[in-house]
Amino acid sequence: MKSMKNNLGIYKALVIYTYLLVIIAILLYKFPGLIQYNVKHMENNKALSHENYISGGYLSDTTKFSIDDMYFPVAVDGNIDEKLYYYDTYGGERTYGGERTHEGCDIMTKNNVRGELPIVSVCDGIVEKIGWLELGGYRLGIRDKSGVYYYYAHLYRYEDGITEGMTVYAGQVIGYIGDTGYSKVEGTTGNFDVHLHFGIYLTDSKGTEYTVNPYFMLKKLEKSVINYSFKNQ
Ligand SMILES: [Zn+2]
């Protein structure tokens, strides 16, 4: 008697399970968007996990970085906390030049003095872009050997001898922190506080460029900040 009851239970469960499978099959047949939705949802989750990638030492599925070979992009004399501050503002609203989102992280200076601190390359790489941009002011784009493009904007000036196409090394001074940009007129300063806008651009397998949030990499790189002091001449 007892075993019959158990068998009945299994039978009932099987019937319910089969019904559920049939219902799911009908739903998917009728609404194929459900599958697409799930795929999309997974992609969104993947996008969110870029933060984990970067804090875990990965910029993407395949691109790895090691802070052993890299430096924080702003050199400081003394303690970093006394000179700089920054928050996770990636994806925030920006309105200059039309509505857009913030594709980077702004490293602010406490003294707000243009030219005060050197900007260094975070990695070994090649200077791909140099010169004035309406949004970025005096900007630099450096690509590392794995294809990651690092974007430095609003520089006060470039370090002497930095030219397009040249190789630079991690920790090499490439310019000085500033407040240039937000103008078609080259050399315009003062439209915002002195800071470095730091961006990271990757390219997917289809050749499409996309950005990731640099905040988490920066947090890691704080351990590798270069201590710099201007020589008194
Ligand atoms: Zn910015």
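Overview of the structure. (Residues numbered from 1 in each chain as written. Predicted model: local features only at pLDDT ≥ 70, side-chain atom pairs only at ≥ 80, totals over all residues.)

Remarks on the overall build of the protein
Along the protein, the regular secondary structure elements total 5 helices and 13 strands. By residue count, 28% of the 233 residues in the protein fall in the buried class. Look at the contacts in the protein between residues 6 or more apart in sequence, and 62% of them connect residues 24 or more apart. (Helix = DSSP H or I, 4+ residues; strand = E, 2+ residues; numbered from the N terminus. Buried ≥ 20, exposed ≤ 12 C-beta atoms within 10 Å, placed from the backbone. Contact = placed C-beta atoms within 7 Å.)

Remarks on the sheet that holds strand S11 (residues 173-176)
The strand order across the open sheet formed by 3 strands is S5-S11-S9, and the pairing between neighbours is antiparallel. With partners counted over all chains shown, the strands left at the sheet margins are strand S5 (118-120) and strand S9 (157-158), one partner each. Of the strand pairs in this sheet, S5 and S11 are connected by 3 bridges, and their pairing is antiparallel. Along S11, the bridge assignment pairs Ile119 with Gly175. (Pairing = 2+ DSSP bridges.)

What about the nonpolar core?
If you look at the biggest cluster of nonpolar residues, it comprises 41 residues, and the most contacted ones within it are Val74, Ile119, Tyr150, Tyr152 and Ile177. If you list the elements that add at least two residues to this core, you get helix H3 (50-55), strand S4 (105-109), S5, strand S7 (137-143), strand S8 (149-155), S11, strand S12 (195-203) and helix H5 (215-221). The dominant element in this core, judged by the number of residues it contributes, is S8, at 5 residues. (Core = buried A, V, L, I, M, F, W, Y, C linked by C-beta atoms within 7 Å.)

Regarding unusual backbone geometry
Even without being a glycine, Asn112 presents a positive backbone phi close to 55°. You will see that Tyr182, though not glycine, has its phi angle at about 60°, which is positive. Mapping Tyr182 onto the fold places it in the loop between S11 and S12. Residue classification places Tyr182 among the partly exposed residues on the basis of 17 C-beta atoms within 10 Å.

Notes on the pairing of strand S13 (residues 209-212)
Alignment of S12 against S13, held across 4 bridges, turns out to be antiparallel. Bridge assignment links Tyr201 to a residue of S13, and that residue is Thr211.

Concerning the pairing of S8
Of all 7 residues making up S8, 6 are buried, and the element is well covered by its neighbours. One ladder, built from 5 bridges, connects S7 with S8; its direction is antiparallel. Directly across from Tyr138, in S8, lies its bridge partner Leu155. Two successive antiparallel strands, S7 and S8, enclose a turn made up of 5 residues, where Gly147 displays a positive phi of approximately 100°. As judged from the 5 bridges shared by S8 and S12, these two strands associate in the antiparallel manner. Residue pairing in the sheet places Tyr150 in a bridge with Ile200 of S12.

Side note on the environment of Phe198
The residue Phe198 is located in strand S12 in this model. Separated by 48 residues in sequence, Phe198 and Tyr150 have C-alpha atoms that sit 7.3 Å apart. Leave out the neighbours within four places in its chain, and Phe198 touches Pro73, Gly104, Cys105, Ile107, Tyr152, Pro214 and Leu218.

Re the environment of Phe65
Among the structural elements, Phe65 can be located in the loop between H3 and helix H4 (80-83). On the basis of neighbour count, Phe65 is assigned to the buried category, with 21 C-beta atoms found within 10 Å. Expressed as a C-alpha distance, the spacing of Phe65 and Cys123, which sit 58 residues apart in the sequence, is 9.6 Å. Those residues within four positions of Phe65 in sequence are excluded, and the remaining contacts are Gly57, Leu59, Met70 and Met217.

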